[in-house]
Structure formats: structure tokens, C-alpha cells
Amino acid sequence: MSSLNAESFLPQSTVLIVDDNAQNVELLHAFLEELPVKIITAADGVEALEKVAQFKPDLVLLDIMMPRMSGFEVCRQLKGDDRTRDIQVLMVTALNELGDIEEASECGTDDFVSKPVNKFELLTRVRSLLRVRHLKSELERALTYLNEVEQEEETR
């Protein structure tokens, strides 16, 4: 378990930043440069889904209000697809109306952070969500292995 404390999983992690405002993307990118993660960006929801298919990120930092496709819709599509539902989604929003928070929860977001983004809060949440993603992957591998062992036992 000490490897988790050392955050050894971070260098294998990919984070996708999605925001239609270039300054927001630059700010989030600058904050995340403290972490040894691969960072990719998208300017709207449609591009975000293309980048998810191409790069298979572990975490998506997702703006809500965007042209072409909202963050809510991107999140719904990611969480509704077996291939992408385990990707962690952190909604980054200027919206702090209760209705928006409820809708973010209903569409499956894993967490959210409000703009203006606090660097320490963002990095803490990103580390935590990437840890969850890593632990889920480890669990999947262990369950797959146990299933294979069980099947081998049954065939003996």
C-alpha cells in the first residue's frame, strides 16, 4: 500500500481539461503541471468526446457551459458508456446554483469544484480522483485474475 501513498500511479495518469475559455484552460494546465500527469485539452464537449476516444484519460476536468455540447451532456455520455463510465469526471463550474449541482450529480459527475478555482483544492481533488481510478483498475485486474484462477480450478 505504500506505493499508493507515494502516488506512484500519477505518472501513468492522463487528465483531459475541457473548457471553451482558453484562459481557463491555461490556468488549469498551469495548476496541474505540479503533478507528474499527462495533460491534454479540448475546447468543447464534442472535441472532448473525440479526445476521450483517442487518449482514454483517467480524469476529465469538465466545464459545464460550453458551445456545441454542455458538460452535463458530455458527462452523461461518458457515464452511460461501458467503455468510459469509469473515467473520473470533475466538473469545474462558475455555476453554484443548487439546480446545477443537482444536475451535475444526476448526470454522474464524480465531484465538482467552483470557479474561481482554488489551486490547493483542485490538486487535492485531482489526486483523490486519480487514486480512486487507480484503485478501481487494480480491483478489476484482481477480480479478473481470481475469475481466471476459479475457472482453471473448475476445469481440473
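Fair warning: this is a prediction, and the values are worked out from it, not measured in the lab. (Residues numbered from 1 in each chain as written. Predicted model: local features only at pLDDT ≥ 70, side-chain atom pairs only at ≥ 80, totals over all residues. Heavy atoms only, no water.)

Asker: Would you take a moment to explain the sheet that holds strand 5 (residues 111-114) for this structure?
Answerer: Strand pairs in the sheet, formed through backbone hydrogen bonds, run parallel or antiparallel to each other. The strand order across the open sheet formed by five strands is 2-1-3-4-5, and the pairing between neighbours is parallel. The sheet is open, and its two borders are formed by strand 2 (38-42) and strand 5, each paired with just one other strand. Ignoring strand direction, the axes of neighbouring strands in this sheet form an average angle of 20°. Bridge count for strand 3 (residues 59-63) against strand 4 (residues 88-93) is five bridges, and the pairing is parallel. Of the residues in strand 4, the one forming a bridge with Leu59 is Gln88. The strands touched by helix 2 (residues 22-32) within the sheet are strand 1 (14-18), strand 2 and strand 3, with strand 1 carrying the most contacts at an inclination of about 160°. (Pairing = 2+ DSSP bridges. Helix = DSSP H or I, 4+ residues; strand = E, 2+ residues; numbered from the N terminus. Axes fitted to C-alpha atoms, helices over the stretch in contact; angles between N-to-C directions. Contact = heavy atoms within 4.5 Å.)

Asker: Is there a simple way to think about a nonpolar patch on the surface in this case?
Answerer: The grouping of Leu139, Leu143, Tyr145 and Leu146 at the surface amounts to a nonpolar patch, some 440 Å² of accessible area in total. Positionally, Leu139 belongs in helix 6 (residues 119-155). (Patch = residues over 30% accessible without salt bridge, like charges linked within 9 Å, V, L, I, M, F, W, Y side chains within 5 Å. Areas by Shrake-Rupley, 256 points an atom, 1.4 Å probe, with all protein chains shown as cover. Salt bridge = Lys/Arg side-chain N within 4 Å of Asp/Glu carboxyl O.)

Asker: Looking at this structure, how should I read helix 4 (residues 71-79)?
Answerer: One turn of the α-helix equals 3.6 residues, which is why residues spaced by three or four share an orientation. Within the sequence span of helix 4, burial applies to Gly71, Phe72, Val74, Cys75 and Leu78. One side of helix 4 holds all its buried residues, which, seen down the axis, span an arc of 160°. (Buried < 20%, exposed > 50% of the residue type's maximum accessible area, 1.4 Å probe, protein only. Arc of directions from axis to C-beta.)

Asker: Before we go on, may I ask you to explain the packing of helix 2 against helix 6 in this structure?
Answerer: The description of two packed helices rests on the angle between their axes and on the distance between the axes. At a minimum axis distance of 10 Å, the contact between helix 2 and helix 6 shows a crossing angle of 65°. As summarised for this structure, helix 2 and helix 6 are arranged roughly perpendicular, according to the angle between their axes. Classified by chirality, the crossing of helix 6 by helix 2 is right-handed. Counted together, Leu28, Phe31 and Leu32 of helix 2 and Lys119, Leu122, Leu123 and Val126 of helix 6 form the full contact between these two elements. (Parallel < 35°, antiparallel > 145°, perpendicular 65-115°, else oblique. Left-handed = near helix turned anticlockwise from the far one by under 90°.)

Asker: Just to check I follow, could you spell out the packing of helix 3 (residues 45-55) against helix 4 for this structure?
Answerer: Where helix 3 meets helix 4, the closest approach of the two axes is 9 Å, and the angle between their N-to-C directions is 25°. Comparing the axis directions of helix 3 and helix 4 gives the class roughly parallel. Remark: the crossing between helix 3 and helix 4 carries right-handed chirality. Contacts between helix 3 and helix 4 pair Gly45, Ala48, Leu49 and Val52 from the former with Val74, Gln77 and Leu78 from the latter. Considered class by class, the residues forming the contact of helix 3 with helix 4 number five nonpolar, two polar and no charged. (Nonpolar A, V, L, I, M, F, W, Y, C, P; charged D, E, K, R; others polar.)

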